[in-house]
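# Report on the structure
What follows is the residue order along each chain.
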Amino acid sequence: MIIFALQHPIFMSETASITLGDKKYDLSVITGTENEKAIDISKLRDQTGYITIDSGYKNTGCTKSAITFLDGEKGILKYRGYPIEQLAEKSSFIEVSYLLIYGELPNQLQLDNFEALLKEHSDVPEELKAILAAFPQDGHPMAKLCSITAALSAFFPESLNLQASKAEQNLTLVKLMAKFPAIVAYIQRHTLGQSYLSTDKNADYVTNFMNMTFGSSTVDEVVIDAMNKLLILHADHEQNCSTSTVRIVGSSDCNLYASVAAGVAALWGPLHGGANQAVIEMLEKIKNDGGDTAKWVAKAKDKNDSFRLMGFGHRVYKNFDPRAKIIKKACDDILNKLGINDPVLNIAKQLEEAALNDPYFADRKLYPNVDFYSGIIYRALGFPTEMFTVLFALGRCPGWIAQWKELRENKEPIGRPRQVYVGETERDFVSIEDRQKSAVAQ
Ligand code: SDX
């Protein structure tokens, strides 16, 4: 009997080999369901005494995940296998949140129960208002969000018990989703010196959030639809900087709320989620400088100038960010429907036009990313610029929850990267007296 089947490529386990000196080592290769390939180096140091190094982890995977797939070269993004274009067009943020967290689109009963649980737990402890009151009103909203998210683990100590029953652990993650709209609304109203509005248990998740933020009289369907779309587009994005932070903090058996608070901090950076605020600040600066986009594109290309075109470029997308395409259309729609003519949008379009036709950006595959247009929509919807990254966090909340939950379900080990030491080699201690003597002698 010929056992050719075992020799067939589809069954043969692919290996990579490296040669170090006169020794050859075979490393196994794993292939994902979308045919991504990875060389498994989990035993490399034991086998060879060598580690790998990869500043910024541009070539290094930290996990095998079933939540989000993206292909940067082709501009593809899918949540649990569903293309982002279809979800943005046909689904709701709550339905997509359920999909990310539990792995499947809910049936009607599951969706109704999820929404009912979110409503049941949508209030926040009164004491959180006292924490907010302790902040300077003009303190950055991300500082407020980071602190209050971590504080939830003090108000809900059951969240610290990672051995709790599945039902109790599920309630802990539902509470985070449920309370984020009120927390974000309170943060905006605290920042604007406005009184807080109570949760509207009769409204859906997004409508309740907008009502708590702006008051129910100012919110209409066009705005709710745009907000749903924006939150869906921000819901997850595989192992980006803030999600990897949530995972590495969660890998120490840290509770969900503190892990997500760490993710909020990572998202704040202008190279990451803070870019949507930085985009508007950049557009405003260009507008106030006379709107000469060519001058600013030249600055972005100048290696001696630290200025970068915020909202352009992406660590993974070397094609158009699929979310940017959807947001750009939503941006045009919402501005037309609301009758807004925003000079900043015109500058954004001129910048996009200039950059997309400039070899510097084309050669480096720098295209507009999700943040390039999202700030303009948030601005059109009436949010203050400093709130934009908080809104990014509101959208990313289900993704962070899903990724933290997956890490725990997969019982992944504590994250602890290695390093290559490049400091001083061993030397003996010198007393301060002798150090003084040698200093004087010099
Ligand atoms: C998000 O990872 C995610 O998934 C993140 C995110 C998510 O959903 O979670 O998608 C959200 O964070 C989107 C990115 C938002 N950030 C910005 O828009 C900030 C501006 N963009 C850049 O700072 C930059 O593009 C990064 C940080 C996004 C990516 O940087 P990389 O991958 O580390 O690339 P790099 O810095 O090595 O740049 C490569 C080259 C360099 O030029 P050379 O040295 O080759 O000559 O491209 C240049 C860079 O100078 N470059 C830019 C540029 N971005 C890169 N030049 C001008 N303007 C820019 N924006």
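These notes cover the structure that comes with them. Fair warning: this is a prediction, and the values are worked out from it, not measured in the lab. (Residues numbered from 1 in each chain as written. Predicted model: local features only at pLDDT ≥ 70, side-chain atom pairs only at ≥ 80, totals over all residues. Heavy atoms only, no water.)

### What about the environment of L128?
Relative to the helices and strands, L128 is located in helix 6 (residues 126-134). Expressed as a C-alpha distance, the spacing of L128 and F155, which sit 27 residues apart in the sequence, is 9.1 Å. Ignoring any residue separated from it by four or fewer positions in sequence, one finds L128 in contact with I148, A151, L152, F155 and I183. (Helix = DSSP H or I, 4+ residues; strand = E, 2+ residues; numbered from the N terminus. Contact = heavy atoms within 4.5 Å.)

### Some remarks on the pattern of salt bridges
With the rule as written, the count across this model stands at 23 salt bridges. One salt bridge connects R247 with E406, and the closest N-O pair in it is separated by 3.2 Å. Of this pair, R247 sits in helix 11 (residues 241-250) while E406 sits in helix 19 (residues 388-409); the two residues are 159 residues apart in sequence, bridging distant segments of the chain. By relative accessible area, which is 3% here, R247 ends up buried. According to the relative accessible area criterion, E406 is buried, its value standing at 8%. One salt bridge connects D342 with R379, and the closest N-O pair in it is separated by 2.7 Å. Placement of the pair is D342 in the loop between helix 15 (322-337) and helix 16 (343-356) and R379 in helix 18 (residues 370-380), with a sequence separation of 37 residues. By relative accessible area, which is 7% here, D342 ends up buried. Looking at R379, the relative accessible area reads 24%, which means it is partly exposed. (Salt bridge = Lys/Arg side-chain N within 4 Å of Asp/Glu carboxyl O. Buried < 20%, exposed > 50% of the residue type's maximum accessible area, 1.4 Å probe, protein only.)

### Examining helix 9 (residues 205-214)
Most of helix 9 sits inside the fold, with nine of its ten residues counted as buried. For helix 9, the complete set of buried residues consists of Y205, V206, T207, N208, F209, M210, N211, M212 and T213. Of the surrounding elements, those touching the buried residues of helix 9 are helix 4 (93-102), helix 5 (108-120), helix 8 (166-191), helix 10 (221-233) and helix 19. Among the residues of helix 9, the N-terminal cap falls to D204, whose side-chain oxygen and the backbone nitrogen of V206 are separated by 3.0 Å. Within two residues after helix 9, G215 carries a phi angle of roughly 90°, on the positive side. (Polar contact = N/O pair within 3.5 Å; in protein donor to acceptor, adjacent residues only side chain to side chain.)

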